[in-house]
Structure formats: structure tokens, C-alpha cells
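Results of the structural survey
Here is how the chains run, residue by residue.
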Amino acid sequence: MGAGKSFRICLAVEEIAGNIVEHGFTGKKGKHFIDLRLALEKDGSGCLSLRDNGVKFNPLEYRNRDTQYGLAIIRGISEKIDYHYVASMNCLNVMIR
């Protein structure tokens with residue numbers, strides 16, 4: 001894996017996990033959970049998967065131009081973003097270029 005892809009993966013982790021901690025757990029009682037997985041394929045593609053038990057939030061539907069800079073970065077460095085809310089968990093998959 002090249003330095004560029006490593007940088008994009010680290011940037012995605014920092015942006016997404018930071019948003020989960022800052023916004024997803026605000027006012028939510030109990031234990032907080034973030035599961036992060038990275039799958040790298042032989043062809044160089046990578047899929048970053050994050051699950052959390054924070055407040056339900058679908059980043060694909062969020063459209064506040066004044067506050068979506070981190071999401072814009074993620075959209076710019078990814079090939080595909082997929083979101084599901086399953087069993088009270090936000091599930092986000094990001095295919096990194």
C-alpha cells in the first residue's frame with residue numbers, strides 16, 4: 001500500500017471516529033462502542049468499516065453546507081459509501097480510493 005492510500009485511510013478514520021465521539025455519544029448514557037475494521041485487498045482497494053452505538057446518524061442524508069467539511073473530505077477520498085442502521089448500531093462502510 002502506498003503512502004497516499006495510507007494517508008487517506010488515516011484521514012478517514014480520524015474524521016469518522018472523531019465525529020462519532022464528538023456528536024454520536026453526546027447526551028447518550030451507558031457504555032459507548034466503536035468497532036473499526038479495515039480490509040485490504042490484493043488489488044490495492046480498501047474498505048473501512050465502522051460500527052457504533054451512538055445516536056442514529058446517516059451521513060449520506062446530512063446536508064448542512066456550513067458544517068459538513070469532514071463529510072466532504074470523506075466523500076472526496078472514497079469510491080463508495082454505504083450506511084445502514086441495524087440492531088441500534090450505525091454501520092458505515094467506506095471504500096477508499
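Report follows, based on the coordinates.

Conventions used here
- Residues numbered from 1 in each chain as written.
- Predicted model: local features only at pLDDT ≥ 70, side-chain atom pairs only at ≥ 80, totals over all residues.
- Heavy atoms only, no water.
- Pairing = 2+ DSSP bridges.
- Helix = DSSP H or I, 4+ residues; strand = E, 2+ residues; numbered from the N terminus.
- Axes fitted to C-alpha atoms, helices over the stretch in contact; angles between N-to-C directions.
- Contact = heavy atoms within 4.5 Å.
- 1 Å grid on protein atoms, 1.4 Å probe; cavity = no way out; pocket = protein on both sides within 12 Å on 5 of 7 lines; lining within 4 Å.
- Points joined across faces, edges and corners; volume = space filled by probe spheres on them.
- Nonpolar A, V, L, I, M, F, W, Y, C, P; charged D, E, K, R; others polar.

If you walk across this open sheet you meet the four strands as 1-2-4-3, and the pairing is antiparallel. The open sheet has two free edges, formed respectively by strand 1 (34-40) and strand 3 (78-86), since each of these has just one partner strand. Strand-to-strand twist across the sheet, computed as the mean angle between neighbouring axes with direction ignored, equals 10°. As defined by bridge partners, strand 3 adjoins strand 4 (residues 89-96) across eight bridges and the pair is classed as antiparallel. Paired with Y83 across the two strands is L92, which belongs to strand 4. Packed onto the sheet, helix 2 (residues 69-77) meets strand 3 and strand 4 and runs at close to 120° relative to strand 3.

The next thing to look at is the layout of surface pockets. The rolling of a water-molecule-sized probe over the atoms marks out the regions of remaining empty space. For the largest pocket, the calculated volume is near 520 Å³. Considering the residues around the largest pocket, the lining is formed by 26 residues, among which N19, H23, F57, P59 and L71 are closest to the centre. Elements that contribute at least two residues to the lining of the largest pocket include exactly helix 1 (3-24), strand 2 (46-52), helix 2, strand 3 and strand 4. When residues of the lining of the largest pocket are assigned to their parent elements, the largest contribution, six residues, is made by helix 1. Tallied by class, residues from the lining of the largest pocket come to 15 nonpolar, seven polar and four charged.

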